[in-house]
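Results of the structural survey
Below are the chains, spelled out letter by letter.
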Amino acid sequence: VIGSADMNSAYMSASYLINQTVLVDIPGGVLRELKRQGTEETVRHVLITHTHADHTMDLPLWILKNSKRNPEDAHHVISLHSEKINLDRMRALTGMSFFSSLTEERLEQLVEWNADDAFRIGNLLFRRVPVSHGKVTGCGGYLVTDGEMTAGFTGDSCMCDGVRKLASSSDILFCDCDLITGNDKHMGIDTLMELHREFPDCRLIATHLKDETREKLKELGSTEIGIAEDGAVYGNSLKHKKSPLP
Ligand SMILES: [Zn+2]
């Protein structure tokens, strides 16, 4: 977990690094944070859940940095994964941010823009699952599996069929829990309790937390819902519980 909070917190905005190479969402400040941890150079792939600014604003910086690499480097390829509509938005944002160096043509050469809803990166298989986040279009959570363990990320979402699908397929699910009481844009502590009752085998980790929600969760001391902390690492202890992606 690189970041575990919403945008108005001293904690970092929600973002996750998988096996040192794949970043789920790329909010402002995340590259600096990765640099502090010594891993920024290893990120080759970014998955975007939706295009709100607190999930995307370091993308132009990441692409610009990679544009200055040696093109002979075999690890030069970088890829961006999301709904087509989001890729178009991100291309526009990046072009606008560094218009003299990152022209449309250059962006096309530099980045693999992947709108597939299922794809493979190394030994990891990914699947995007549409979720519902108020009126925002193009929102999707992700499932990732190495064949033994499956992790899910809801991105910003209210309770919806997509979240249920993610919970039913994951050993561990990082859930938007912005609020104490969920609404049509974000889940809340009440939503996660409901989700836990429905999918008791899925370990739920509350993230994208408002400070007051984090405090409330700590006060409740729930054993059913884990609380994401910036810098927390989740690993192999959860393997072999669920079968790989359908
Ligand atoms: Zn959002």
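Residues numbered from 1 in each chain as written. Predicted model: local features only at pLDDT ≥ 70, side-chain atom pairs only at ≥ 80, totals over all residues. Heavy atoms only, no water.

**Here's the deal with the overall build of the protein chain**
Regarding its fold elements, the protein chain presents seven helices and twelve strands. Since a compact globule built from 246 residues should have a radius of gyration of about 18 Å, the 17 Å found for the protein chain is in line with a globular shape. Taken along the three principal axes of its C-alpha coordinates, the protein chain extends 50 × 35 × 35 Å. Here the protein chain, with 246 residues, has 54% of them falling under the buried criterion. Only carbon and sulfur atoms are counted for the fraction: they give 51% of the accessible area of the protein chain, which is about 11200 Å². Separation between the mean location of the 27 positive side-chain charges and that of the 36 negative ones in the protein chain comes to 2 Å. (Helix = DSSP H or I, 4+ residues; strand = E, 2+ residues; numbered from the N terminus. Rg over C-alpha atoms; globule rule 2.2 N^0.38 Å. Buried < 20%, exposed > 50% of the residue type's maximum accessible area, 1.4 Å probe, protein only. Areas by Shrake-Rupley, 256 points an atom, 1.4 Å probe, with all protein chains shown as cover. Lys, Arg positive; Asp, Glu negative; His and termini not counted. Charge placed at Lys NZ, Arg CZ, Asp CG, Glu CD.)

**Some details on the layout of surface pockets**
The space that makes up the largest pocket amounts to roughly 590 Å³. What lines the largest pocket is a set of 26 residues, and nearest its centre among them are L17, I18, N19, Y234 and G235. Sort the elements by how many residues they give to the lining of the largest pocket and strand β1 (residues 16-18) lands first, with three residues. Within the lining of the largest pocket, the residues separate by chemical class into 15 nonpolar, nine polar and two charged. (1 Å grid on protein atoms, 1.4 Å probe; cavity = no way out; pocket = protein on both sides within 12 Å on 5 of 7 lines; lining within 4 Å. Points joined across faces, edges and corners; volume = space filled by probe spheres on them. Nonpolar A, V, L, I, M, F, W, Y, C, P; charged D, E, K, R; others polar.)

**Some remarks on the coordination of the zinc ion**
Of the protein atoms, only H50 (NE2), H52 (ND1), H133 (NE2) and D156 (OD) coordinate the zinc ion, at distances of 2.2 to 2.3 Å. Coordination at the zinc ion is irregular, judged from the four donor atoms that bind it and the angles of 90 to 167° they form at the metal. Written as a sequence motif, the donor residues of the zinc ion are H-x1-H-x80-H-x22-D. Remark: H133 occurs in the loop between β7 (124-130) and β8 (140-145) and H52 occurs in the loop between β3 (45-47) and α2 (59-67); sequence separation between them is 81 residues. (Donors = N, O, S within 2.8 Å, 3.2 Å for Na, K, Ca; no water. Tetrahedral: all angles 85-135°; square planar, octahedral: opposite > 155°, others 65-115°.)

**A word on empty space enclosed by the protein**
Per the counting criterion, the structure on display carries one cavity of 30 Å³ or more. Each pocket or cavity is described by its volume, and for the largest cavity that value is around 70 Å³. In this structure, the largest cavity is lined by 14 residues; those nearest its centre are A14, Y16, G155, D156 and T207. It is strand β10 (residues 172-176) that provides the largest number of residues to the lining of the largest cavity, a total of three residues. The residue inventory of the lining of the largest cavity, partitioned by class, reads five nonpolar, six polar and three charged.

**Some thoughts on the pairing of strand β9 (residues 150-153)**
Burial of the side chains of β9 extends over both faces: T150 and G152 are buried on one face and A151 and F153 on the other. Between the end of β8 and the start of β9, which pair antiparallel, lie four residues, with G147 showing a positive phi angle near 95°. Judged from the three bridges that link them, β9 and β10 form a sheet pairing that is parallel. Looking at β10, one finds that A151 is bridged to I172. Viewed along the sheet, the connection from β9 through helix α5 (residues 161-169) into β10 turns out right-handed. (Pairing = 2+ DSSP bridges. Right-handed = clockwise from strand over helix to strand, strands pointing away.)

**Describing the environment of D88**
Mapped onto the secondary structure, D88 falls in helix α3 (residues 84-97). Between the alpha carbons of D88 and G147 there is a distance of 31 Å; along the sequence they are 59 residues apart. Here R91 takes part through its side chain, which lies 3.3 Å from a polar atom of the side chain of D88. (Polar contact = N/O pair within 3.5 Å; in protein donor to acceptor, adjacent residues only side chain to side chain.)

**Side note on α2**
For an α-helix, 3.6 residues make a turn, and residues three or four places apart therefore share a direction. With respect to burial, α2 is a largely interior element, seven of its nine residues being buried. Every buried residue of α2 is listed here: L59, P60, W62, I63, L64, N66 and S67. If you follow the buried residues of α2, they end up packed against α1 (30-37), β3, β4 (78-81), α3, α4 (104-110) and β5 (111-114). (Contact = heavy atoms within 4.5 Å.)

**Points about the sheet that holds strand β2 (residues 22-24)**
Taken together, five strands build an open sheet; the order of strands is β1-β2-β3-β4-β5 and the sheet is mixed. At either margin of the open sheet sits one strand with a lone partner, and together these are β1 and β5. On average, adjacent strands in this sheet sit at an angle of 20° to one another, irrespective of strand direction. Sheet topology note: the β1/β2 ladder contains three bridges and is antiparallel. Counterpart to Y16 in the pairing with β2 is V24. Sheet contacts for α3: β4 and β5; angle to β5, the most-contacted strand, approximately 150°. (Axes fitted to C-alpha atoms, helices over the stretch in contact; angles between N-to-C directions.)

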